[in-house]
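Below, each chain spelled out in residue letters.
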Amino acid sequence: MNLLLCSLFREKKRRRVVELTEKMVVDGGSGRTCEWDGRWNHIKKFLERSGPFTHPDFEPSTESLQFMLETCKILVIGAGGLGCELLKDLALSGFRNIHVVDMDTIDVSNLNRQFLFRPTDVGRPKANVAADFVNNRIPGCYIILEFIYPSFIHLEFHIIVCGLDSIVARRWMNGILNPSSIIPLIDGGTEGFKGNARVILPGMTACIDCTLELYPPQINFPMCTIASMPRLPEHCIEYVRMLLWPKETPFGDGVVLDGDDPEHIQWVYQRSLERAADFNITGVTYRLTQGVVKRIIPAVASTNAVIAGKSAYIPLNNYMVFNDVDGLYTYTFEAERKENCSACSQVPLDLHFSPSSKLQEMLDHLTESASLQMKSPALTATVEGKNKTLYLQSVASIEQRTRPNLSKTLKELGLSDGQELAVADATTPQTMLFRLCFTS
Ligand SMILES: [Zn+2]
């Protein structure tokens, strides 16, 4: 069934390519592409001359433009806030062979910044609408849809550009990139007024997992600050949300705070104002209250534009940070590869536990460690010559069968010192290997 669907999609895609090629021939009349005098003059200024910022190895030539127009095949992952900017920037810069993938559909709240979408597009797939828009607007450009998230990186892309909003999806992509492929991955991310762009050369420079500590799991204020030393309006709102709500149960016992219920937000807002007044803190508003309760980070169109528009003659080496929360601050640094990175080093990581540790402790370590941040790890090991599933969460029947293992010790489970453990998780397409080192 899957195969059938895939070949159907492929055929649809092929037909679309044929249609577009025919269209280009008709439009252009030249038999190749639709061009007009001076169309690429602005791009040629960059490609056919050197300048103070050009890379030492860069040789100005007319071939670069031909490569961009005719050969270079780019994969854009994500057609959301960053993705719209990326597709527009790439298409206008002369890249024509662009593939895009995005599984999301358009929501009305996207329209303020995802400018390739119109109100009539709400509910339609982002990738389709974005591709149609750019293809219709920019003559000669043909963006092609990919219908599945790529396990198809062997399809010889020259560059992969990521505009994703999820760390798990990024890590998955990162895991797919094979060090032997040397397909550069250009990754961008934005959050409110902050953003970053980075270049990853698989196996050569730091990958996403090498620098996982840069993505803190979630912004949480320390409890002592919230409880006794608030300095920000957010601290006051968190105080009401975390401490007052369960204590005062304003809407009855067991009623969970609902960020979409205006009465709930109003209550939190009023109490937060009182708390803020006690500490001479200003800035608590209804909107902020809702934002903190629902953990909304506002998306800012200009940040997407800046991050997507980053370009340099000398390749970014390899991590750029941008922040315009207060004034403008930006700098670059070289993120370093981690010797024992779980994603790109291909060295089994050591896990240090005592034989009397419970399996639950190991599971907690895999999800809580800042350098691993797994979501729902599935653990298997070879015990007495047999492959044994120690714990697996994603299939209910297996979860039920393996749950008792969580409270057993590693010794009781038959694990030994130096034992290899295989761990599968949503954050990587590969099975990760760990080596169990017993501590005494
Ligand atoms: Zn790495």
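How each quantity is defined
- Counting of residues starts from 1 at the beginning of each chain's written sequence and follows it residue by residue.
- Predicted model: local features are reported for residues with pLDDT of at least 70 only, side-chain atom pairs are reported and counted for 80 or more only, and whole-chain, interface and lining totals are derived from all residues.
- The side-chain numbers reported here are obtained from all heavy atoms of the structure, hydrogens and water having been left aside.
- UniProt positions are given in the numbering used here, feature names are shortened, and annotations may be inferred rather than shown by experiment.
- Where helices and strands are cited, they refer to DSSP runs of H or I of at least four residues and of E of at least two residues respectively, numbered from the N terminus.
- Exposure is judged per residue with a 1.4 Å probe applied to protein chains only, and the accessible area is read against the type maximum: over 50% gives exposed, under 20% gives buried, and values in between give partly exposed.
- Each accessible area is a Shrake-Rupley estimate made with a 1.4 Å probe; only the visible protein chains count as cover when residues are assessed.
- To estimate how far a helix should reach, multiply one less than its number of residues by 1.5 Å.
- Sites may look incomplete, because water is not among the atoms used; the donor set itself consists of N, O and S atoms within 2.8 Å of the metal (3.2 Å for Na, K and Ca).
- Here a Phe, Tyr or Trp ring, Trp counted by its six-membered ring, pairs with any other such ring whose centre lies within 6.5 Å, and the pair is stacked when the planes are under 30 degrees apart, edge-to-face when over 60, and tilted otherwise.
- Only when the NZ of Lys or the CZ of Arg is both within 6 Å of the ring centre and within 35 degrees of the ring normal is a charge said to sit over the ring.
- Pairing between strands requires that DSSP locate at least two bridges from one strand to the other.
- Salt bridges, as used here, are contacts in which a Lys or Arg side-chain nitrogen is within 4 Å of a carboxyl oxygen on Asp or Glu.
- Nonpolar cores are built from buried Ala, Val, Leu, Ile, Met, Phe, Trp, Tyr and Cys residues. Side-chain atoms within 4.5 Å join them into one set.
- Two residues qualify as a contact provided that any one of their heavy atoms is within 4.5 Å of a heavy atom in the partner residue.
- Axes here mean lines fitted to C-alpha atoms, for a helix over just the part in contact, with angles spanning 0 to 180 degrees between N-to-C directions.
- Confidence scores labelled pLDDT are given residue by residue by the predictor and lie between 0 and 100.
- Bend is the name given here to the angle between axes fitted to two runs of seven residues, the run ending at a residue and the run starting at it.

Identification of the chain as NEDD8-activating enzyme E1 catalytic subunit from Cyclopterus lumpus is taken from an unreviewed UniProt entry. UniProt's Sequence similarities (unreviewed entry) comment on the chain is quoted here verbatim: "Belongs to the ubiquitin-activating E1 family. UBA3 subfamily." You can read under Catalytic activity (unreviewed entry) in the UniProt record for the chain the words "ATP + [NEDD8 protein] + [E1 NEDD8-activating enzyme]-L-cysteine = AMP + diphosphate + [E1 NEDD8-activating enzyme]-S-[NEDD8 protein]-yl-L-cysteine."

## Quick notes on the overall build of the chain
Scanning the chain from N- to C-terminus turns up 13 helices and 13 strands. For the chain, the residues scored as buried account for 41% of the 440 residues in total. Surface accessibility of the chain: about 23,900 Å² in total, with carbon and sulfur atoms responsible for 54%.

## What about helix α4 (residues 81–92)?
Taking 1.5 Å of rise per residue, 12 residues should cover 16 Å, and α4 covers 17 Å from first to last C-alpha, within 8% of that figure. Downstream of α4 by a residue or two, Gly 94 has a phi angle that is positive, lying close to 105°.

## Here's the deal with the UniProt feature "active site" (unreviewed entry) in the chain
Under the local residue numbering, the UniProt record ascribes the feature "active site" (unreviewed entry) to Cys 224. Checked against the element boundaries, Cys 224 lands in helix α7 (residues 223–228). Under the relative-accessibility criterion, Cys 224 is labelled partly exposed at 46%.

## Some thoughts on the coordination of the zinc ion
At 2.2 to 2.3 Å from the zinc ion lie its protein donor atoms, namely Cys 207 (SG), Cys 210 (SG), Cys 341 (SG) and Cys 344 (SG). In primary-sequence terms, the residues that donate to the zinc ion follow C-x2-C-x130-C-x2-C. Of this pair, Cys 210 sits in the loop between β6 (194–200) and α7 while Cys 341 sits in the loop between β8 (329–333) and β9 (349–353), and the two are 131 residues apart along the sequence. Look at Cys 210 and you get buried, because its relative accessible area is 6%.

## With respect to the packing of aromatic side chains
Tallied over the full model, the rule gives 6 aromatic pairs. Seen from their ring centres, Tyr 329 and Tyr 331 are 5.6 Å apart, and the 45° between their planes marks the pair as tilted. Their ring planes at 25° and their centres at 5.8 Å tell us that Tyr 331 and Phe 333 sit as a pair that is stacked. With relative accessibility at 38%, the residue Tyr 331 sits in the partly exposed group. These aromatic residues form a ring-pair network of at least three members: Tyr 319, Tyr 329, Tyr 331 and Phe 333. The ring of Phe 157 has Lys 73 lying over it, and the distance from NZ or CZ to the ring centre is 5.2 Å. Above the plane of the ring of Tyr 239 lies Arg 275, whose end atom (NZ or CZ) is 3.4 Å from the centre.

## Things to note about the pairing of strand β13 (residues 428–438)
In the case of a regular strand, side chains alternate between the two sheet surfaces. Of the strand pairs in this sheet, β9 and β13 are connected by 5 bridges, and their pairing is parallel. Its bridge partner lying in β13, Leu 351 is registered against Leu 436. With 5 bridges joining them, strand β12 (residues 420–425) and β13 adopt antiparallel strand pairing. Opposite Ala 422, over in β13, you have Leu 433 as the bridge partner. The hairpin turn running from β12 into β13, its antiparallel successor, is 2 residues long.

## What to know about the pattern of salt bridges
Evaluation of the coordinates by the stated rule reveals 15 salt bridges. Taking the shortest distance from any N to any O, the salt bridge between Arg 241 and Glu 238 comes out at 2.6 Å. Taken together, the residues Arg 241 and Glu 238, both in helix α8 (residues 233–248) and 3 residues apart, mark about one turn of the helix. By relative accessible area, which is 2% here, Glu 238 ends up buried. With a shortest N-O distance of 3.1 Å, Asp 350 and Arg 435 are connected by a salt bridge.

## Comments concerning the nonpolar core
With 37 residues, the main nonpolar core has Val 76, Leu 87, Ile 98, Val 100, Val 134 and Ile 143 as its most contacted residues. Sorting elements by how many residues they give to this core places α4 first, with 6 residues. In this structure Ile 143 touches Leu 87, Ile 98, Val 100, Ala 131, Val 134 and Asn 135, once residues within four positions along its chain are discounted. Within the second largest apolar cluster, 23 residues are counted, among which are Met 362, Leu 363, Leu 390 and Val 423.

## Considering the pairing of strand β4 (residues 159–163)
Within β4, 4 of the 5 residues are buried, which leaves it mostly tucked inside the rest of the structure. Inspection of the sheet shows strand β1 (residues 73–77) paired to β4 by 4 bridges, in the parallel sense. Pairing of Val 76 across the sheet is with Val 161, part of β4. Note: β4 against strand β5 (residues 185–191), 4 bridges, orientation parallel. Paired with Val 161 across the strands is Ile 186, a residue of β5.

## Some remarks on the sheet that holds β13
Ordered in space as β9-β13-β12-β10-β11, the 5 strands form an open sheet in which the pairing is mixed. Every other strand in the sheet has two partners, leaving β9 and β11 (386–391) as the edge strands with one partner each. Strand-to-strand, the axes of this sheet are offset by a mean angle of 35°, without reference to chain direction. As paired strands, strand β10 (residues 378–383) and β11 are joined by 5 bridges and run antiparallel to one another.

## Brief notes about the confidence of the model for the chain
For the chain, the mean per-residue pLDDT works out to 84, and 87% of the residues sit at or above 70. When the criterion is pLDDT under 50, residues 1–11 qualifies, and its contacts beyond four places in sequence or with other chains add up to 1 contact. Note that residues 21–32 has pLDDT below 50 and, in this model, 13 contacts with residues that lie over four places away or in other chains.

## Some words on α8
Here α8 is 16 residues long and its end C-alpha atoms lie 21 Å apart, about the 22 Å a rise of 1.5 Å per residue gives. The sharpest bend along α8 measures roughly 30° and falls at Val 240. Every buried residue belonging to α8 is among Pro 233, His 235, Cys 236, Ile 237, Glu 238, Tyr 239, Val 240, Leu 244 and Trp 245, and all of these are buried. Once α8 finishes, Thr 249 follows within two positions and takes phi at roughly 35°, a positive value.

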